[in-house]
Amino acid sequence: MGVDLLAGLGLAPLPPLGRAPRVLVFDSGLGGLTVLAELVKAIPGADFVYAADDAGFPYGALDDQRLVARVVAVMERLVAREVPDLVVVACNTASTLALPALRARFALPFVGTVPAVKPAVAASITGLVTVLATPGTVRREHTRAMIDAFAGKAEVTLVGAPNLAAYAEAELRGAPVDDALMNAEIAPCFVERRDGARTDVVALACTHFPLLTRRFEAVAPWPVTWIDPAPAIARRAVALVGEQPADLAAPSRALFTSERPLPPPLALALSARGLAQVEREHFPLR
Ligand code: DGL
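Residues numbered from 1 in each chain as written. Predicted model: local features only at pLDDT ≥ 70, side-chain atom pairs only at ≥ 80, totals over all residues. Heavy atoms only, no water.

**Side note on empty space enclosed by the protein**
Here comes step 1: Tallied over the full model, the rule gives one cavity of 30 Å³ or more.
Here comes step 2: In this structure, the largest cavity occupies an estimated 60 Å³ of space.
Here comes step 3: Residue composition of the lining of the largest cavity, grouped by class: six nonpolar, six polar and one charged. (1 Å grid on protein atoms, 1.4 Å probe; cavity = no way out; pocket = protein on both sides within 12 Å on 5 of 7 lines; lining within 4 Å. Points joined across faces, edges and corners; volume = space filled by probe spheres on them. Nonpolar A, V, L, I, M, F, W, Y, C, P; charged D, E, K, R; others polar.)

Here it is, written out as structure tokens:
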């Protein structure tokens, strides 16, 4: 599947529905909240369901076969339960692998999240760009193909951070992570060539990572531009939703696949993002 189609370009817009469109925003955990925030701004009239497969988290640690099977199985339940008009897979680790299987299985438009190599290269002055992702996304052929397609003359460093998604989850649950641990994850992003040129752009290729941008800024050895893909994903979703009535949207809801209790800081963070209503669709990882 081509790079553009994987991201959701080239899909047909929804026909007029005569009601608020239901948009299912899906991630392994809380990272997709960074995408939800942009979607809510871009499509204020939609009825949003935020689904976190927290029983399957972290997706970055699952092998390819297991991950595709898990994502399709969870989506099966979510689609039957929520009957969405559009699904945004707000997860690079799942999108770069499971989108072809999802599109083959469901007659629904899926917008994916792929590493923002092209905008990162365009934003770089030094030509030293880093793509920071989960180990799963780093392994993907699709990620390499994007770098081959869009790097041009830039030197792209691909960094797989094993723990960052979990750190972002911990912070939202009210358990801050040490600077030293944070630094150990992002240090390989910063490259200094012999001629003195330094990395100046880091593409955040996991939706969890923009939750930590302030922390990254605090520990980075020099300032860089951090590219958050969420606004581009929201633009793609807007193009697909088209003209729909905006006055009937229901309040957004969050849905989790585990029975893990919600600590008060997380309940507060969800509610601040318009997700005061939290539901469960218990589905343990086998
Ligand atoms: N938020 C997911 C992504 O964008 C990854 C987190 C995980 O490893 O589950 O890649």
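Moving on, there is more to tell.
**Brief notes about the UniProt feature "binding site: substrate" (unreviewed entry) in the chain**
Here comes step 1: UniProt feature "binding site: substrate" (unreviewed entry): in the numbering of this structure it lies at Asp27, Ser28, Tyr59, Gly60, Asn92, Thr93, Thr207 and His208. Look at the named residues: they lie 182 residues apart in sequence, but the longest C-alpha span between them is just 12.0 Å, so in the fold they bunch up. Of the annotated positions named here, the largest cavity is lined by Asp27, Ser28, Tyr59, Gly60, Thr93, Thr207 and His208.
Here comes step 2: Here Ser28 is to be found in the loop between strand S1 (22–27) and helix H2 (33–42).
Here comes step 3: Here Ser28 is in contact with Ala52, Asp53, Asp54, Phe57, Tyr59 and His208, once residues within four sequence places are set aside.
Here comes step 4: In this structure the side chain of Ser28 is engaged in a polar contact, spanning 3.4 Å, whose partner is the side chain of Asp27.
Here comes step 5: Residue Gly60 is classed as buried on the basis of its relative accessible area, which comes to 13%. (UniProt positions renumbered as here; feature names shortened; annotations may be inferred. Helix = DSSP H or I, 4+ residues; strand = E, 2+ residues; numbered from the N terminus. Contact = heavy atoms within 4.5 Å. Polar contact = N/O pair within 3.5 Å; in protein donor to acceptor, adjacent residues only side chain to side chain. Buried < 20%, exposed > 50% of the residue type's maximum accessible area, 1.4 Å probe, protein only.)

**Some remarks on the environment of Ile186**
Here comes step 1: For Ile186, the location among the structural elements is in helix H9 (residues 179–186).
Here comes step 2: Aside from chain neighbours lying at most four places away, what touches Ile186 is Leu132, Leu164, Phe216, Val219 and Trp226.

**Here's the deal with the site of the ligand**
Here comes step 1: Around the ligand sit 14 residues, and of these Ser28, Tyr59, Thr93, Thr207 and His208 come closest.
Here comes step 2: One of the side-chain N or O atoms of Asp27 is found 3.1 Å from a nitrogen atom in the ligand.
Here comes step 3: The separation between an oxygen atom of the ligand and a polar main-chain atom of Thr207 is 2.8 Å.
Here comes step 4: Along the lines of polarity and charge, the residues of the shell around the ligand split into six nonpolar, seven polar and one charged. (Near = heavy atom within 4 Å.)

**As for unusual backbone geometry**
Here comes step 1: Cis geometry is found at the peptide bond from Phe57 to Pro58, where omega equals -5 degrees.
Here comes step 2: Topologically, Pro58 is positioned in the loop between strand S2 (47–52) and helix H3 (64–82).
Here comes step 3: One non-glycine residue, Val83, lies in the positive phi region at around 45 degrees.
Here comes step 4: Relative to the assigned elements, Val83 resides in the loop between H3 and strand S3 (86–89).
Here comes step 5: According to the relative accessible area criterion, Val83 is exposed, its value standing at 58%.

**Focus on the sheet that holds S1**
One key point about sheets: their strands pair by backbone hydrogen bonds, in either a parallel or an antiparallel sense.
Here comes step 1: Strand order in the open sheet formed by six strands is S4-S3-S1-S2-S9-S10, with parallel pairing between adjacent strands. Two strands lie at the open edges of the sheet, namely strand S4 (110–111) and strand S10 (277–280), each paired on one side alone.
Here comes step 2: Sheet topology places S2 next to strand S9 (residues 253–256); four bridges connect them, and they run parallel. Opposite Ala51, over in S9, you have Leu255 as the bridge partner.
Here comes step 3: Taken strand by strand, H2 contacts S1, S2 and S3, and its axis lies near 175 degrees from that of S2.
Here comes step 4: Most of the contacts of helix H11 (residues 230–241) go to S3, to which it runs at about 170 degrees, and overall it touches S3 and S4. (Pairing = 2+ DSSP bridges. Axes fitted to C-alpha atoms, helices over the stretch in contact; angles between N-to-C directions.)

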